[in-house]
Amino acid sequence: MPDDPDGWPAQAGLPSAVAPAGLGLVRGVCDGVGLYWLQTLGCPKNQVDSDKLEGYLTAKGYGRAPDAETADLVVVNTCAFIDAARQESIDTVLDLADRRSPGARLVVTGCMAERYGDELRDALPEVDLVAGFGAELTAPTGAGAVPVTLTVGRRGTTAAPATNGFDLLELPRPAARAPWAYVKVAEGCDRICGFCAIPSFRGKQRSRSPEEVLAEVDALRATTDGAPVLREIVLVAQDLASYGRDRSGPGRHSRIANGPSPVAALTRAVSSRVERTRLLYLYPSGLTDELIETVIATGVPYFDLSLQHVSRPLLAGMRRWGDGDRFLRRIDDIRAADPDATFRSSFILGYPGETERDHDLLLEFLSAAQLDWAGFFPYSREDGTHAAGLGEQVPAELALQRLRECAELQDAITAARRDALIGATRQVLVDAPGQGRTVHEAPEIDGIVHLPIDLAVGSLLDVTITGAEGPDLYGDPGAGRVPVPAGAAPGLGAGTE
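Rules behind the numbers
Residues numbered from 1 in each chain as written. Predicted model: local features only at pLDDT ≥ 70, side-chain atom pairs only at ≥ 80, totals over all residues. Heavy atoms only, no water. Helix = DSSP H or I, 4+ residues; strand = E, 2+ residues; numbered from the N terminus. Buried < 20%, exposed > 50% of the residue type's maximum accessible area, 1.4 Å probe, protein only. Contact = heavy atoms within 4.5 Å. Areas by Shrake-Rupley, 256 points an atom, 1.4 Å probe, with all protein chains shown as cover. Expected span 1.5 Å × (residues − 1). Arc of directions from axis to C-beta. Pairing = 2+ DSSP bridges. Right-handed = clockwise from strand over helix to strand, strands pointing away. Axes fitted to C-alpha atoms, helices over the stretch in contact; angles between N-to-C directions. pLDDT = per-residue confidence, 0-100. Phe/Tyr/Trp six-rings, centres within 6.5 Å; stacked < 30°, edge-to-face > 60°. Patch = residues over 30% accessible without salt bridge, like charges linked within 9 Å, V, L, I, M, F, W, Y side chains within 5 Å. Salt bridge = Lys/Arg side-chain N within 4 Å of Asp/Glu carboxyl O. Lys, Arg positive; Asp, Glu negative; His and termini not counted. Charge placed at Lys NZ, Arg CZ, Asp CG, Glu CD.

1. What about the overall build of the protein?
Phase 1: If you tally the helices and strands in the protein, you get 12 helices and 20 strands.
Phase 2: Taking all 497 residues of the protein together, the buried fraction comes to 56%.
Phase 3: Long-range pairs, those at least 24 residues apart, make up 74% of the contacts in the protein with a sequence separation of at least 6.
Phase 4: Counting every atom, the protein has about 19200 Å² of accessible surface; 54% of that belongs to carbon and sulfur.

2. Describing the environment of Ala316
Phase 1: Tracing the sequence through the fold places Ala316 in helix H9 (residues 312–317).
Phase 2: On a C-alpha basis, the gap between Ala316 and Cys193 in space is 9.6 Å, while along the polypeptide they are 123 residues apart.

3. Points about helix H6 (residues 210–221)
Phase 1: Given a rise of 1.5 Å per residue, 12 residues ought to cover 16 Å, and the 17 Å separating the end C-alpha atoms of H6 matches this to within 8%.
Phase 2: By the burial criterion, the buried members of H6 are Val213, Leu214, Glu216, Val217 and Leu220. Angular distribution of buried residues about the axis of H6 spans 155 degrees; they occupy a single face of the element.
Phase 3: If you follow the buried residues of H6, they end up packed against helix H1 (44–59), strand E8 (180–184), strand E11 (232–236) and helix H7 (262–271).

4. Quick notes on the pairing of strand E14 (residues 342–349)
Moving residue by residue along a regular strand, the side chains alternate between the two faces of the sheet.
Phase 1: Judged by how many residues are buried, E14 sits mostly within the fold: eight of eight residues are covered.
Phase 2: Side chains Thr342, Arg344, Ser346 and Ile348 of E14 all project onto a buried face; the interleaved residues Phe343, Ser345, Phe347 and Leu349 project onto the opposite face, where all are buried too.
Phase 3: Relative to E14, strand E13 (residues 302–308) is paired through five bridges, and the arrangement is parallel. Across the sheet, residue Gln308 finds its bridge partner in E14, namely Phe347.
Phase 4: As paired elements, E14 and strand E15 (residues 373–378) share six bridges and run parallel to each other. Residue pairing for E15: Leu349 is matched across the bridge by Pro378.
Phase 5: Regarding topology, helix H11 (residues 356–369) serves as the crossover connection from E14 to the parallel E15, and that connection is right-handed.

5. Points about the sheet that holds E15
Phase 1: Ordered by their spatial adjacency, three strands build an open sheet running E13-E14-E15, and the pairing between neighbours is parallel. With one partner strand each, in any of the chains shown, E13 and E15 form the two edges of the open sheet. Geometrically, the sheet is characterised by an average inter-axis angle of 15 degrees between neighbouring strands, direction not taken into account.
Phase 2: Lying on the sheet, helix H12 (residues 396–419) is in contact with E14 and E15; it crosses E15 at an angle near 170 degrees.

6. Some words on the confidence of the model for the protein
Phase 1: For the protein, per-residue confidence averages 80 on the pLDDT scale, and residues scoring 70 or more make up 77% of the total.
Phase 2: Confidence drops under pLDDT 50 across residues 140–166; counting only partners more than four residues distant or on other chains, this segment forms 79 contacts.
Phase 3: Below a pLDDT of 50 lies the segment residues 493–497, which in the model reaches eight contacts outside its immediate sequence neighbourhood of four places, other chains included.

7. Considerations on H11
Phase 1: An ideal rise of 1.5 Å per residue puts 20 Å on 14 residues; H11 measures up with 20 Å between its terminal C-alpha atoms.
Phase 2: Those residues of H11 that fall on the buried side of the exposure criterion are Asp358, His359, Leu362, Leu363, Phe365, Leu366 and Ala369. Projected down its long axis, H11 carries its buried residues within an arc of 160 degrees, all on one side.
Phase 3: Tucked into the core, H11 has its buried residues touching E13, H9, helix H10 (324–337), E14, E15 and H12.
Phase 4: Just downstream of H11, Gln370 is the residue with a positive phi angle, here 50 degrees.

8. Quick word on the packing of aromatic side chains
Phase 1: Evaluation of the coordinates by the stated rule reveals eight aromatic pairs.
Phase 2: Aromatic pair Trp180 and Tyr182: ring centres 4.9 Å apart, planes at 80 degrees, arrangement edge-to-face. Taken as a pair, Trp180 and Tyr182 share a single burial class, namely buried.
Phase 3: Taking the centre distance of 5.7 Å and the plane angle of 25 degrees together, the rings of Phe303 and Phe343 count as stacked. Within this pair, whereas Phe303 is found in strand E13, its partner Phe343 is found in strand E14, the two being separated by 40 residues in sequence.

9. Overview of a negative patch on the surface
Phase 1: Judged by side-chain charge, Asp360, Glu405, Glu408 and Asp411 come together as a negatively charged surface patch.
Phase 2: Per-element tally for the negative patch: the top contributor is H12, with three residues.
Phase 3: Residue position: Asp360 is located in helix H11.

This is the structure we're talking about:
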């Protein structure tokens, strides 16, 4: 999914399926320690938030329930992405309200709670608490309350007060339970994309220090009994390429083209700790030579570029940098440096003012770029954004038609690129029994590699790609099945911090 195409249809507020139904009294949730169930919706950044809330709940004595029906506290971490995501959040809340046990409390948190708190509170009397950023999940006052604070200001500026002094971005996390983990390195965004409302509720970019990020990586590597070895770290942020450029004090990096890249330095440091380091959500203008070289050197040449379109006039209307020619040149440069480089992007169809010529340019770009993966999303109007006030709104039916044309073309390209891997030898990370990933696939987003069921989860080993079906591959480890020892030969080696 893309990092920032955030907008809704012409109607404002909640999905039409939700009508106001009373005041929805805000009550304290969970007076005593018990079992919790946490349902996460949306992007990997939301998953990191949930991981941190789980870690905090665990530290306070709460236990993880095996399912929602047996929990004392049911929490839904919602997504405020596009209309379909909002509707999914509402449907999930109502479903869990029906499934919870008698006396269990239901809490709604996350982006949707922050942005539509009062409206949600009025519309969902089934919910015991709507907790936006800076609110508490478990109790109205006192010890044991879990804050959801994302409102601390930038370093060097006056900070907004954080609930009970806590900040969700810096809450500790439990050790990883899978051989890979997301790590969020910054919160918020400084860009003013015409379709995106994220800065209005996530705030300005606030980067964590490298020391804080690396401490979290080290904590995640402290594998619990029975858990697989942590092999891959996936760095995420709303605008990952701009990581560190908002920080003040000694060593602050200025915003200059091809200047020293804080995210490149962080990537090198993380890569000295784990075998794979992957970056998600890179704004194209932040793709410096240094960052490209660093990504390739990690051994995971995976480039997730937030392009959104290729028509220069339309991108200008989106308040974004670039055009198709610039993007193609950069992609060609990267492929010249590493022919095995993998590319993912996302695109918005039907942005106000999009013409048939704009659409044709996008189709031509997709044919020329030969991306491995791409997501397509219809524009939806978001109140308070620049695009909401623009004329020349594209009819929804036309936007969907254009989306289908792009998706059909890209599906064929993806299938051909997957077929081209048949016969190649690739190292796979076994994520779960019977499935794994090469460096070409990001977890939970791209296809997988089907493997023999008996391979140990967390192992790294070479396989021969024997077949492809849609986005997925089939791999044969052969008779040798020699796994890579834990901690062996991370991409950039030690001592690169």
